[in-house]
Amino acid sequence: MKNKHLLTMDALTVAEIDAILFDAHLFSTIYKDWQFPDNHRVANLFFEPSTRTQYSFESAQHQLNCKVTTFNEQTSSVQKGETLYDTVKTFEAIGMEALVIRHPENEYFKHLVDKINIPILNGGDGSGNHPTQCLLDLMTIKEEFGDFTGLKVAIVGDIQHSRVASSNLQAMEKLGMISYVCGPKEWSKNLTNYHPLDEVIEEIDVLMLLRIQHERHEATMQMTKAEYLSAYGLTKERMNKMKPEAIVMHPAPFNRDVEIDSDLVEHPKSRIFKQMENGVYVRKAVLKRAFGYEFPTEITK
Ligand code: CP
């Protein structure tokens, strides 16, 4: 079997994206209780904090009948100077069959893929890629609109430091969506599709807010929270300008009253907690792909 790493959205074809989203849909409907026929040993190696990605992978793994090992960097031999490669090779040697890895270094996986013989599922690399977040975002959009072609999406905020933005921009272009990047112009890397949010708010189908990645900034942000919300965030006034069928997304964790007015987090247009629910189905789908399983009965779209 070809090694089914999941590293970047760029590496997936449209057909592969469709297949993962279809499996995620089946996991959310008729195959909610389906499990792998064999127990597989999987380990989750998170070198950066995480709630959603780490624990929704863990939930997906338990639901699929996997044996789960959770790596703790603070009590591991990383503290004695062990490299990422040697840590990963160790997990392969002790019998793990797939690894989920989040690491602060962009494209940390480049040093690993040719030398590791078990699937690596990227749980986020620095400001580079976050493919499972992108897939769960796509699942949420597809559930809402049925298709991607021609949908208009504004991605708002800290584009430069956001792996969620990079993965989504890669995928949206492939899928025929029209993307705008909004927010502070200096965080949009001179992207040609930059627009002030107020220019596009009335025409977009999806508003995708981003967390300000303070931990990746070299300088402290000079604006107050209230100033950021007023200039770039989702205020009640902006929400009222959105199309009736438009939706609001955020990968979370969100900063209340910074990227979004706290009262709007659970607004009827918000799909923020739906995204988290879909994260479990998508992660089940990418684990199924990694282990090469088919559902017991073939279902066609
Ligand atoms: N969206 C996301 O990646 O959240 P966590 O950092 O909590 O995993």
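All values reported here derive from a predicted model rather than from experimental measurement. (Residues numbered from 1 in each chain as written. Predicted model: local features only at pLDDT ≥ 70, side-chain atom pairs only at ≥ 80, totals over all residues. Heavy atoms only, no water.)

## A closer look at the overall build of the chain
And step 1. Within the chain, the regular secondary structure consists of nine helices and eight strands.
And step 2. Relative to the globule expectation of 19 Å for 301 residues, the C-alpha radius of gyration of the chain, 19 Å, shows essentially globular dimensions.
And step 3. Reported as C-alpha extents along the three principal axes, the dimensions of the chain are approximately 55 × 50 × 30 Å.
And step 4. Within the chain, residue pairs in contact and separated by at least 24 positions form 75% of the contacts whose partners lie at least 6 positions apart.
And step 5. A total of about 13,500 Å² of accessible surface is found on the chain, and carbon and sulfur atoms cover 49% of it.
And step 6. Mean positive and mean negative side-chain charge positions of the chain (33 and 42 charges, respectively) differ by 3 Å. (Helix = DSSP H or I, 4+ residues; strand = E, 2+ residues; numbered from the N terminus. Rg over C-alpha atoms; globule rule 2.2 N^0.38 Å. Contact = heavy atoms within 4.5 Å. Areas by Shrake-Rupley, 256 points an atom, 1.4 Å probe, with all protein chains shown as cover. Lys, Arg positive; Asp, Glu negative; His and termini not counted. Charge placed at Lys NZ, Arg CZ, Asp CG, Glu CD.)

## Points about the site of the ligand
And step 1. Neighbouring residues of the ligand: Ser50, Thr51, Arg52, Thr53, Arg102, His130, Gln133, Pro251 and Ala252.
And step 2. Within the contact set of the ligand, an oxygen atom lies 3.0 Å away from a backbone nitrogen or oxygen of Arg52.
And step 3. Ala252 places a main-chain nitrogen or oxygen 2.8 Å from a nitrogen atom of the ligand.
And step 4. The fraction of the free accessible surface of the ligand (260 Å²) that becomes covered by protein chains is 90%.
And step 5. For the shell around the ligand, a count of residues per class yields two nonpolar, five polar and two charged. (Near = heavy atom within 4 Å. Polar contact = N/O pair within 3.5 Å; in protein donor to acceptor, adjacent residues only side chain to side chain. Nonpolar A, V, L, I, M, F, W, Y, C, P; charged D, E, K, R; others polar.)

## So, the environment of Val153
And step 1. Examined against the element boundaries, Val153 turns out to sit in strand β5 (residues 152–156).
And step 2. For the pair Val153 and Asp18, spaced 135 residues apart in sequence, the C-alpha to C-alpha distance is 19 Å.
And step 3. In this view, Val153 contacts Met172, Met177, Ile178, Ser179, Tyr180, Ile204, Val206 and Met208; residues no more than four positions away in its chain are not counted.

## Re the pattern of salt bridges
And step 1. Summed over all chains, the structure comprises 12 salt bridges.
And step 2. Arg289 serves as the salt-bridge partner of Glu16, at 3.6 Å between the closest nitrogen and oxygen. Placement of the pair is Glu16 in helix α1 (residues 14–28) and Arg289 in helix α9 (residues 272–291), with a sequence separation of 273 residues.
And step 3. Since its relative accessible area comes to 17%, Arg289 is described here as buried.
And step 4. In this structure, Asp263 and Lys236 form a salt bridge, with 2.8 Å as the shortest nitrogen-oxygen distance. Of the two residues, Asp263 sits in the loop between β8 (247–249) and α9 while Lys236 sits in helix α8 (residues 236–241), which places them 27 residues apart along the sequence.
And step 5. Members of the salt-bridge network, linked through shared partners, are Lys236, Asp261 and Asp263. (Salt bridge = Lys/Arg side-chain N within 4 Å of Asp/Glu carboxyl O. Buried < 20%, exposed > 50% of the residue type's maximum accessible area, 1.4 Å probe, protein only.)

## Re the packing of helix α2 (residues 52–63) against α9
And step 1. Relative to each other, α2 and α9 sit at 55 degrees, their axes nearing to 8 Å. Accordingly, the angle class assigned to the pair α2 and α9 is oblique. Here α2 runs over α9; the crossing is right-handed. Seen from α2, the contacting residues are Arg52, Thr53, Ser56, Phe57, Ser59, Ala60, Gln61 and Gln63; seen from α9, they are Met276, Gly279, Val280, Arg283, Lys284, Val286 and Leu287.
And step 2. Each residue belonging to the contact of α2 with α9 can be placed in one class, and the counts come to six nonpolar, six polar and three charged. (Axes fitted to C-alpha atoms, helices over the stretch in contact; angles between N-to-C directions. Parallel < 35°, antiparallel > 145°, perpendicular 65-115°, else oblique. Left-handed = near helix turned anticlockwise from the far one by under 90°.)

## A closer look at the sheet that holds strand β4 (residues 120–125)
And step 1. The four strands are arranged β2-β1-β3-β4 in an open sheet whose pairing can be described as parallel. Only two strands of the sheet have a single partner each, and these edge strands are β2 (67–70) and β4. Neighbouring strand axes in the sheet, compared pairwise and without regard to direction, differ in orientation by 15 degrees on average.
And step 2. Sheet topology places strand β1 (residues 41–46) next to strand β3 (residues 98–103); five bridges connect them, and they run parallel. From the neighbouring strand, Asn44 faces β3, where its bridge partner is Val100. (Pairing = 2+ DSSP bridges.)

## Digging into α9
And step 1. The terminal C-alpha atoms of α9, which comprises 20 residues, lie 29 Å apart, in line with the 28 Å expected from a rise of 1.5 Å per residue.
And step 2. Of all 20 residues in α9, 16 are buried, a share of seventy percent or more.
And step 3. At the exit of α9 stands Gly292, carrying a positive phi of roughly 70 degrees. (Expected span 1.5 Å × (residues − 1).)

## A closer look at the packing of helix α4 (residues 131–145) against helix α5 (residues 163–174)
Axes are the key here: two packed helices are described by the angle between their axes and the distance separating the axes.
And step 1. The contact between α4 and α5 brings their axes to 8 Å, and the two run at 55 degrees. For the element pair α4 / α5, the angle class is oblique. In the crossing of α4 with α5, the sense of the turn from one axis to the other is right-handed. On α5, the residues touching Pro131, Gln133, Cys134, Asp137 and Leu138 of α4 are Val164, Ser167, Asn168 and Ala171.

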